[in-house]
6 protein chains.
Amino acid sequence: MDTKNVEILIEALPYIKKFRNKTFVIKYGGSIFKNELAKKAFIDDVALLSLSGINIIIVHGGGPNISEMLTKLDKKTRFINGLRVTDKETMDIVEMVLSGKINKEITTELCNHGINALGISGRDSKLITAKKKLLNSKEDLGYVGEVVSINNKFLLDLVNKNYIPVISPIGADDKGNAYNINADYVASFISSKLKTEKLIYISDVKGIYKDINDDSSFINRVNKKEIKELINKGFINGGMIPKMECSLMALDNGTKDVHLIDGRKEHSLLIEIFTNDGIGTMIEGGF
Amino acid sequence: MDTKNVEILIEALPYIKKFRNKTFVIKYGGSIFKNELAKKAFIDDVALLSLSGINIIIVHGGGPNISEMLTKLDKKTRFINGLRVTDKETMDIVEMVLSGKINKEITTELCNHGINALGISGRDSKLITAKKKLLNSKEDLGYVGEVVSINNKFLLDLVNKNYIPVISPIGADDKGNAYNINADYVASFISSKLKTEKLIYISDVKGIYKDINDDSSFINRVNKKEIKELINKGFINGGMIPKMECSLMALDNGTKDVHLIDGRKEHSLLIEIFTNDGIGTMIEGGF
Amino acid sequence: MDTKNVEILIEALPYIKKFRNKTFVIKYGGSIFKNELAKKAFIDDVALLSLSGINIIIVHGGGPNISEMLTKLDKKTRFINGLRVTDKETMDIVEMVLSGKINKEITTELCNHGINALGISGRDSKLITAKKKLLNSKEDLGYVGEVVSINNKFLLDLVNKNYIPVISPIGADDKGNAYNINADYVASFISSKLKTEKLIYISDVKGIYKDINDDSSFINRVNKKEIKELINKGFINGGMIPKMECSLMALDNGTKDVHLIDGRKEHSLLIEIFTNDGIGTMIEGGF
Amino acid sequence: MDTKNVEILIEALPYIKKFRNKTFVIKYGGSIFKNELAKKAFIDDVALLSLSGINIIIVHGGGPNISEMLTKLDKKTRFINGLRVTDKETMDIVEMVLSGKINKEITTELCNHGINALGISGRDSKLITAKKKLLNSKEDLGYVGEVVSINNKFLLDLVNKNYIPVISPIGADDKGNAYNINADYVASFISSKLKTEKLIYISDVKGIYKDINDDSSFINRVNKKEIKELINKGFINGGMIPKMECSLMALDNGTKDVHLIDGRKEHSLLIEIFTNDGIGTMIEGGF
Amino acid sequence: MDTKNVEILIEALPYIKKFRNKTFVIKYGGSIFKNELAKKAFIDDVALLSLSGINIIIVHGGGPNISEMLTKLDKKTRFINGLRVTDKETMDIVEMVLSGKINKEITTELCNHGINALGISGRDSKLITAKKKLLNSKEDLGYVGEVVSINNKFLLDLVNKNYIPVISPIGADDKGNAYNINADYVASFISSKLKTEKLIYISDVKGIYKDINDDSSFINRVNKKEIKELINKGFINGGMIPKMECSLMALDNGTKDVHLIDGRKEHSLLIEIFTNDGIGTMIEGGF
Amino acid sequence: MDTKNVEILIEALPYIKKFRNKTFVIKYGGSIFKNELAKKAFIDDVALLSLSGINIIIVHGGGPNISEMLTKLDKKTRFINGLRVTDKETMDIVEMVLSGKINKEITTELCNHGINALGISGRDSKLITAKKKLLNSKEDLGYVGEVVSINNKFLLDLVNKNYIPVISPIGADDKGNAYNINADYVASFISSKLKTEKLIYISDVKGIYKDINDDSSFINRVNKKEIKELINKGFINGGMIPKMECSLMALDNGTKDVHLIDGRKEHSLLIEIFTNDGIGTMIEGGF
C-alpha cells in the first residue's frame, strides 16, 4: 500500500461517515453461492462494512441447493406460479438445507474474518411469525408461508451487541409449524420493521433495464414513481415483478433506499456503497 | 388447582430459591426425540426452570436422525470405536440434520412456550473452536472433531439477555472446516468453562447401577472418588465409560454436580431437580 | 414429588408466563393475623409469586392489634362512622403497633423465606403525603387522614432492585404530622398510581354475594358496571361499600383487575391467581 | 445573608471537598430526643451534610422512651449489668417504640427537609442478623442480642440511590426472633463493615476528659494507643468503657476516625465536621 | 466556625435544595478580570454552587485583554456599532487571547479548587456553529459571527460527567472559519437550548435602574413585560439594550430566570442565589 | 472506485481488525504545520483511523509558531540546552499560541471531518500536573516544566464517549502556575499511563538511520536493545537522543510499539499503520 492506494482508502471516508451506525439489510441470493471468488469478495465486503460501524443483517436464499438435495433424495416437487409445493417431508429438507447448510456456511466464513456472525432461522426466538400462504386458485402450496410479524427486539438485541444475524427465511406459526418463505419478502419485512438505511438485493442480475435487450438502457438510479411507471408500461416484468413489490413495500415503510446488485461481480457490494454512481440500480425512497 | 395442589407448588420453593440465577447445562440425547410425550414433558420442565430464574443451556445430539437421513441418501458409513467415519459429504448431512432439523425443532417448541430459545451451532460466533480428532491407530475419522476452546463471552451475552441457547455439537477450525463432535463432551466443556451449578445428561438410561442386572443396585447419589472405584472395579463399563469421563472432567473444572436422568420418563428433569432424592443418579462435585 | 405432582407445577406455567414482570398490590387485612396457618400459607404464596418474577407490594392493616394495645394502655377510643377518633397519643400508639410491630412481623417472615422484604411506613421518603380527613358533620376525627399523593419513584426504586415493600398505612402532611389512613384506600391509591396488573384485597370475607344469606349466590367474576348495579340495587352494602369504592377507583385509574379473597383459607392467594376460576371474586377492569 | 456571611459559607468549602462521596455512620442517642432545639439543629446538620454529597447512615437508640412506655403499660423490667432483661412481651414493646415511634419521627423530620430518609429496622431485608447474648453468669437476658453479620449490599443499594437509612437497633436470628441490641455496637458494626470515613457518636456527654472533674482536661484529639492507655490508667471508666470498645473495634476494622459529640449543643455535628478543632473528641484511626 | 456561623450555613439549605441538579449558565464579563479579589471570590462561589449539586456552564468574554494584545502587536482596529471589525489576523489574536489565555486562567483556578473544569471554545466538537454577521449598512465586519446552532449533546456529555465547561465565545462555520461572537448572545443561546434554571450575567454594572442617575431607583426584581415597558419608555438604553435582548430571548425559550449581577462586589454571585432579595436584578421568566 | 480500488480497501481489513478498540497516542510536530497538503492528509488519516474504531489521542507541539509570535511582539528569548527560557510574559504567549491557535486549528479541521475532536490543554481538569524543570547548572529556565502526573480518568472519560482529545503540552502545578513542557515527553507520559497500543511521533525526519549520511542505512524496524546499542555507539545522537528517551520510557511502561514517521510525506501515517513494512521506523516493545 503506497500513497496512491491510501488515497483510495481516503475516498471511502465520506461514505463511512454517512452510513456509520446505520443498518443495512442484505438479501444474498442462492444462485451465486457456487461462484467461490464472488462469495469470498462478498464476505470481505460485509466484513469491511461491519468494521466501518455499519450494522449488517443478512437474509439468504438457497433454491438451487434445495433442488439438488431433493434430487439426491429422489423427492419430486411441483411448482405453482413459481412457488415450490412443499409437503412436510420437503419442508424438513428445505429447513435442513437452508438452516443447516447454507446458513452455517455463510456464518462460518464471516466468523473466519473475525466478525461475530450468528446463524439463525426465523424460528429462533420467534423471529418470524408466519402463516400458510393461500392461493386464489385454492391450490394447496403446503408449507409455503407468508410473514405475519417480525420480532425486532430480538434483532436489536443481537445488533446492539455487535452480532451480525444471518437469517434463513423460515418462519413458524403459533403451533410451531415451519414454513418456507420467499427470502426477498423476508428481507423486505425486516427492513420495513427496522426502517433501515438500505435494503440490498444481491442476485445474478445487474439491475433494472428499460429494455432488457439493450445494455445501454441500464438504469442507475430511479425513484418509486418511475418504478411504478416502468411496471405499468411493461418494461419491468417476469421474475423482476415480485422483487419490485418487495422493494416498494420496504420503501413505503421507511427504508431509505433499495439497491439491486449483481453478486457475480466481485466486490460489487462495496463499489455500490462506496461510490457515487454505484454499479447496480438504486431505488430512492424519496420523501 | 386446589389447596392440596398449591401445597405441591409450595414444596418447590426451597429448590427454586436454591437454584435461582444459577446455570444448568443440559445434554438432551438424540435417542429420546421419538418419544413425543417425554419430549413435551421435557420442554415443559425446561420452561418452568427457566421461568423460575434458572439459566439453561441445552446441547443436543442426534445420532438416530443422522443415520436415518444417510440411509435415505444411500450413503454408507463406517464406525471405528463407535465413532462415525465422517467424510465431507457425510459432514454436510450431519450438519444439516443437527443444525437444520433437530436444533430448530427443540428451539421452536421452547419458543412456543414463550421462552426465548435460540438455536445455534458451535460454528456461530466461533462458539466451539475444534480440531480433527486423531486416533492412536492412525485410522482417519475424517471430520470428527475435538473441542479446543469455547467462546464463553458469546454464551454469556445470550444468557444475560435471557435467551436459552440450544446448541448443535458442531465446531469449526480456523480454516472454517466443520467437525462433528460428541455432544456429551461439548456439554462437559461448556459446563467446565462456565463452572455451572449443574451438568445434566438426559438419555435413555436410568443412571448408574452397581450391577446393571440388578435393579435394586441403582445408585442415587455418588461422589467422584466412588465413580473412579466403580470404573476401576469394572462395575461401570461400555458406553457408560466416556459419559463418566465427561462427568469427571466437568466436576474437576468447577461444575458443582452432574446428573444422569432417564429422559423417557415424563418430567424426570423436574423430579430430579425439585426433590431431595431425585430419580436418576447425582454425582457430587464435593470440595 | 412425583410425576403427578410435577404436572401440577406445570399447570402453573401459563399463569407464571402471564404475570411475569407485572406488579400486584396486595392489601393484607389485620383481621387474619391471628390465624397462624393461614398467615404462614400467605407468606409462602407471596414468596412463590415473587420468585416467579411478579413484583409484589404489600399494604397491611392492623385494627385488632391497635385495639388490643389501646386496651392495655387503658386508652378509650370513640368511633364515628366506623372511623376511630385519633388524638395525638392514640396516633402514637397506632403508629407503634402498625409500623413497629405488625409491619416488622410480616417483613421478617418474608425475609426468612429469602425474600428481600422491606418494612416501611407511608412517612418514609414521603411515600404517602396525607391530609386531615374532614367530615361533613364537622366532627373532628383527629389524626385520621386521606391520601393526597404517592411517591411512586420511591416504590419503583425498591421494586426495580427486587425489594418487596411492606407498607403500613400511615401518611404525613407537609408539617410532619402523622395520619392514620384506611389501608384499603392506601392500596387502591398505590395501585392507581402504578397502574398495576392486580389489586388484591385479602380479608376475612369470601368475596361478593348477590344475596349474602345464600351461599350459592357467590359471584366469581364481575365487571365494573355490574358492581355499580349491585350497589344501586342494595345487594352490596354495609362494610363492603367502601371496599367497592376503592376497587372501582383503582380500576378507573388503570388497575387491570381487582380480587377479593378470603385470607382465612390457606393458599387462597395462589389458588386465585393460578387457576382460571379462582376462589374469590374477581372484578374485571374491562376496556 | 451578606458578604461576611457568604465568607462563612466559603470557609466550609475545604471540608465539603474532603468528605464528598464519603460515608458517615451517625449514632444518635435516645437521651437527647427531648431537647427539641437540639434535635431540630441535628436534622438541619444532617440535611446539609447530605446535600453536600456525604452519604449518611443513622443508627438511633431509644432507652428513655422504652422505659416510659413500659411504665405506662405497668410492665416491670429488671437490669443485669446495665442490660434490660427483655422477655417476649417487653421485646414487642421495645420494637414498637424503636421502629414504630422514634425511627419514624427522625425519618419524617429528615423527609420534611427534602431528604429521602428511609426508616428501617435491622430485621428489614435481614440487615442485622443477630443471636442471643449470653452472659458468663448464665443469667438469662431474654431477647437481648449481639450482631452476627450485616447485609451491606442492602445498605449500599439504599445509599447509592441517595436514600438515608435510619436504622433502629433490632436484629433477627434465622428463626425470625427479634433481639434488642445496643445501638452503639450496631453503629460500630455497620461502620466496620462499610469501612466508613467517620463513625460519630452523638450523646449527652461532651467527649473524653483526662479527669472528668476538671473541665480543662478535655481531650480534643486522641489516637487509639492513647485511648488504651487512658483505659488502663483508669481515666476512662464506667459507661464510657463500652463506647470506647465500640470505637476501637470500628477503627481496627477500617473506619477512619471516630467522633464523640455532645448532642445537647445545637449544631455540634456541623461544628465538629466543618472546623479544624471541632467541639468534641476525635479518635484518629491512624495508619 | 461556631454555632452562629453554622446557622449561616443552615440558612443556605433551602436554596441548595431548590437548585440542586438544576443548570445555571453564567456569563462572566471580561471587564472584571483585573479585580483579583472579586475574581477569587467568584471562583469560590462557583466551586460552592458546583459542590452543592448545581450544574454550572461558564461563558466568558475578554474585550479588554484583546485590546491590550492588539496594542502590543501594533494592530489597529475599527469599531462599527460597537462591534470590532475583525480581519483574519485580528481573529487569530482574538482566539489566542480568549481560548489560549483567559479561558485557561479561569479553568485553572477552578481546577485548583478541585472542580473538574474544562476549557473549550465553540469550535471544539462543533459546540457553536456560526455564520458571518451581516449589517444592514453592508459594511463588512470581517470575522464577527452569529450563532446558528448549539451542539447540546456535547454539553450534556460534559455536564453529566460532572465537568464544568468554560466556554470562549468563538464559533466556526462549515468551512472551519472561526468567528468572534458576542459572549452575552452565546450564553443566551446555550441557556435557551438547554432551558436552564438560570442565566446569570456577571459584569461591572449593578443591574437595572429606572433612572440610572438615581441609586434609589434600582430594580431588584422585574418581569418580562416590565422590561419591555422600560425599554419602550427609554429607561433602559445604550449598552444595556443588547443585554436585555439576550435576556428576553433566553426567557422566551425556556430559561426560568435571568440575573444581572455586579461582579466587582465580592461573592455577589452567592449572595444573589442564596438570599431572597439578592443583590442584583432578577428578571423573572413568569409562566 | 472500481473493483481494483475496492481490493485496496480490502487490504486494510487485517489492520483494522488488529487495531480496533486499541488506543494510539500521536505526537504531531509543530514543524509540519506549514505544509498544507501534508496537514490535510494527516487529518484525513486520523479521521479514517478513528472511524475504523481506533481511539486517538493527539498531542501537538508548536515551536515555530511561538517564535513567530514572539518576534511580532519584539520579545527576545534565550535558549539553554535547546530549551527556551520562559518568563511569565513569554509563558502567556506560549499558552496563547499553543492552546488558543494551533490547538483550535487542528481541532476544527478534525471537527470538519465529522470527528468529535476536543481541544484541551494540560491545565484542563488537571490533565497534566507539572513542576518546574531544574537544571544541574542551576540556570533558571523559568516556566519550563516536567510532567509529575497524568489525570487518566479524564482522558478515558473523553475517549469512552468517542471524543478525540487534542492536547496542547502545557501543565500546571498545585498553585496554578502554567509550564511549557516538551510535547514529546507529554505524549510519552500519556502513552505510558494508558499503556497504549502505539505511540507515534510525526515530525520532519524520516526515522532512524544507522548512518545519517547514508540513505540506504534507514532502519525500518528495531527493538529496544538495538536502540540502546545505537545510542551507545553514537549512531543516534543530537536532537534524536531525547526522542529516543521518550520512546524507551513509553515502551518500558507498557506501550506496545513506538513509530517515527515523516509528516511531510502525505498519508505517511496510514501507510505506516496499514502496511507490513511501513514507511518510517518502528521500535518494537517486545516482551
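The structure we're discussing is the one just above.
Residues numbered from 1 in each chain as written. Chains lettered and ligands numbered in written order. Predicted model: local features only at pLDDT ≥ 70, side-chain atom pairs only at ≥ 80, totals over all residues. Heavy atoms only, no water.

Peer 1: Is there a simple way to think about the relation of the copies chain A and chain B in this case?
Peer 2: There are two copies of the chain, and a rotation about an axis plus a shift along that axis relates them. For the pair chain A and chain B, the relating rotation is 180°, the translation along its axis is 0.0 Å, and the fit reaches an RMSD of 0.0 Å. Read as a symmetry element, the transformation amounts to a two-fold axis. Nearest to the rotation axis, the C-alpha of Gly100 of chain A is located 1.8 Å from it, this being the minimum over chain A. Interface overlap between copies is the fraction of interface residues in one copy that are interface residues in the other; for chain A against chain B it reaches 100%, indicating a shared surface. (Least-squares fit on C-alpha atoms with pLDDT ≥ 70 in both. Contact = heavy atoms within 4.5 Å.)

Peer 1: How do you make sense of the environment of Asp252 of chain C when you look at a structure like this?
Peer 2: Residue and element names in this part refer to chain C. By secondary structure assignment, the location of Asp252 is in helix α9 (residues 240-252). By relative accessible area, Asp252 is classed as partly exposed at 48%. Spatially, the C-alpha atom of Asp252 lies 7.6 Å from that of Gly285, the residues being 33 residues apart in sequence. (Helix = DSSP H or I, 4+ residues; strand = E, 2+ residues; numbered from the N terminus. Buried < 20%, exposed > 50% of the residue type's maximum accessible area, 1.4 Å probe, protein only.)

Peer 1: How do you make sense of the interface of chain E and chain F when you look at a structure like this?
Peer 2: Often the size quoted for an interface is simply the accessible area lost on bringing the parts together. Listed as interface residues are 37 residues of chain E and, on the opposing side, 37 residues of chain F. For the pair chain E and chain F, the summed buried area comes to about 3,000 Å², and 57% of that belongs to carbon and sulfur atoms. Three residues, Met96, Lys104 and Tyr163 of chain E, lead the burial of chain E against chain F; their summed loss comes to 19% of the area buried on that side. Taken together, chain E and chain F are joined by six salt bridges. One salt bridge in this structure joins Lys161 of chain E and Asp157 of chain F, with 3.6 Å as the shortest N-O distance. Counting across the chain E and chain F interface gives 12 residue pairs in polar contact (both at pLDDT 80 or more). The set of elements that each furnish at least two residues to the side of chain E that touches chain F consists of α4 (63-72), α5 (88-111), β5 (117-121) and α6 (152-160) of chain E. (Buried area = accessible area lost by both parts, 1.4 Å probe. Salt bridge = Lys/Arg side-chain N within 4 Å of Asp/Glu carboxyl O. Polar contact = N/O pair within 3.5 Å; in protein donor to acceptor, adjacent residues only side chain to side chain.)

Peer 1: Looking at this structure, I do not really get the packing of aromatic side chains. What am I missing?
Peer 2: The description of two aromatic rings rests on the distance between their centres and on the angle between their planes. Counted by the stated rule, this structure contains 36 aromatic pairs over all chains. Considering the side-chain rings of Phe154 of chain A and Tyr163 of chain B, the 5.3 Å spacing of their centres and the 45° angle between planes classify their relative orientation as tilted. Taken as a pair, Phe154 of chain A in helix α6 (residues 152-160) and Tyr163 of chain B in the loop between α6 (152-160) and β8 (164-168) lie in two separate chains rather than in one. By relative accessible area, which is 5% here, Tyr163 of chain B ends up buried. Pairing Tyr209 of chain B with Phe218 of chain B gives two aromatic rings, centres 5.2 Å apart and planes at 70°, and the pair type is edge-to-face. Over the ring of Phe218 of chain A we find Lys206 of chain A, and its NZ or CZ is 4.0 Å from the ring centre. (Phe/Tyr/Trp six-rings, centres within 6.5 Å; stacked < 30°, edge-to-face > 60°. Lys NZ or Arg CZ within 6 Å of the ring centre and 35° of its normal.)

Peer 1: Where do I start with α5 of chain E in this structure?
Peer 2: In an α-helix, one turn spans 3.6 residues, which is why side chains three or four residues apart end up on the same side. Residue and element names in this part refer to chain E. With 24 residues, α5 extends 32 Å between its outermost C-alpha atoms, agreeing within 8% with the 34 Å of an ideal straight helix rising 1.5 Å per residue. Residue Lys104 marks the point of greatest curvature in α5, where the axis turns by about 30°. Most of α5 is tucked away: 20 of the 24 residues are buried. (Expected span 1.5 Å × (residues − 1). Bend = angle between axes of the 7 residues up to and from the residue.)

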